[in-house]
Amino acid sequence: MSSNYRNFRNNVPWLILFLEAVFIVLFLFSEDDLSSPRISDPAFQDVNHMVIFGFGFFLTFLKRYGFSSTGFNLLIVVLGVQCSVLIESLLDFLLQRNMEDGLKRITKATVSTTAVVISSGAVLGKTNPVQLILMTVVEIIFFHMSRWINHTFLQIPDNIGIMHVHLFGAYFGLAVSSRFSEPSPRSEKNASTPKSDLLSALGILFLWVFWPSFNSVLAADKSKAIYNTYFALAVSAVTAFVLSVLITKDGKFRMSHIRSAVLAGGVTAGYASQSIEYPWIAMILGLLASAITILGSYCSQRCLNPALKIHDTSGVHYTFGLPGVLGAVAQVVLLVI
């Protein structure tokens, strides 16, 4: 929580209660389809574990924001899922679309909320709870608008269009981060401890394990999506360890490199996992994604961020943004050829 924030009791509880009351009233007038689900319960559980446990621990690397990272992550997810389900229901009503079953709706809502969780990593330690809650609602609305534009004008299938969640979340978070001042490099806000780094590494392991389920939960061909995502993740992890040794002066592994790059293959494969016919293509994408992430971290921290006056707390630009761009380009190339 931002150190300049005051009147916590007078603002935060009433804002949350107001939003929850609005959600309950809107759910009263919404319709639910509780027929047999087309998504299995274990698949939804995998996505839910990834978003809550994975991202919750992933953002604990700053020693002053460990508890707030995991706590606010849970608050963002539960508010964002309710908001996303309501917006999806509203779009179904306005566009006269067939209503999906309840489990699929809540699964899509959880995937959509991942954009907000990623964005919160860019503004970690600079926003107070009120700003974070408002960012959640606004970003969910804009993310659904972007999905509608992709589906209506670009004719992108919804199960592929929703996978731009990483790209959208990274650059939305950077746009919000540019409106806040950067803390001093020597500030305690930028410091980490071995314990906080260990918890963040635990979050990376959760994300790595559940990422194939995340990419395949809405896919038409789930086995192909899982297969290609796993190989992309495996190669990106191997490449992260190799490049970490090669580019450091003392020739040792750097947790900052591993933390950023091991997930790059999964982010890139999110777009193209259903279009890849051979595993070696997924492996090449994983290698390129990991290399772009590690090399992009140097470029972003030394050139791009100072020029644009952006302080990217968790490195979401090169962890999710750049691999997302690579995945989008790869999907276009695969569709063309």
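Located above this text is the structure these notes cover.
As the structure is a computational prediction, the values presented were derived from the model and not from experiment. (Residues numbered from 1 in each chain as written. Predicted model: local features only at pLDDT ≥ 70, side-chain atom pairs only at ≥ 80, totals over all residues. Heavy atoms only, no water.)

**Description of the pattern of salt bridges**
Summed over the entire model, instances satisfying the criterion amount to 3 salt bridges. The residue arginine 147 makes a salt bridge to glutamate 88 at a minimum N-O spacing of 3.3 Å. Here arginine 147 is found in helix α5 (residues 129-152), whereas its partner glutamate 88 is found in helix α3 (residues 66-94), with 59 residues between them in sequence. Under the relative-accessibility criterion, glutamate 88 is labelled buried at 6%. (Salt bridge = Lys/Arg side-chain N within 4 Å of Asp/Glu carboxyl O. Helix = DSSP H or I, 4+ residues; strand = E, 2+ residues; numbered from the N terminus. Buried < 20%, exposed > 50% of the residue type's maximum accessible area, 1.4 Å probe, protein only.)

**Focus: the packing of α5 against helix α7 (residues 165-177)**
Packing of α5 against α7 brings their axes to within 11 Å, and their N-to-C directions diverge by 135 degrees. Here α5 lies oblique to α7, going by the angle between them. Here α5 runs over α7; the crossing is right-handed. Residue-level inspection shows Met135, Val138, Glu139, Phe142, Phe143 and Ser146 of α5 in contact with α7, the latter providing Val165, Phe168, Gly169, Phe172 and Val176. In terms of residue class, the contact of α5 with α7 is made up of 8 nonpolar, 2 polar and 1 charged. (Axes fitted to C-alpha atoms, helices over the stretch in contact; angles between N-to-C directions. Parallel < 35°, antiparallel > 145°, perpendicular 65-115°, else oblique. Left-handed = near helix turned anticlockwise from the far one by under 90°. Contact = heavy atoms within 4.5 Å. Nonpolar A, V, L, I, M, F, W, Y, C, P; charged D, E, K, R; others polar.)

Everything listed here is a matter of geometry and, on its own, says nothing about what the molecule does.
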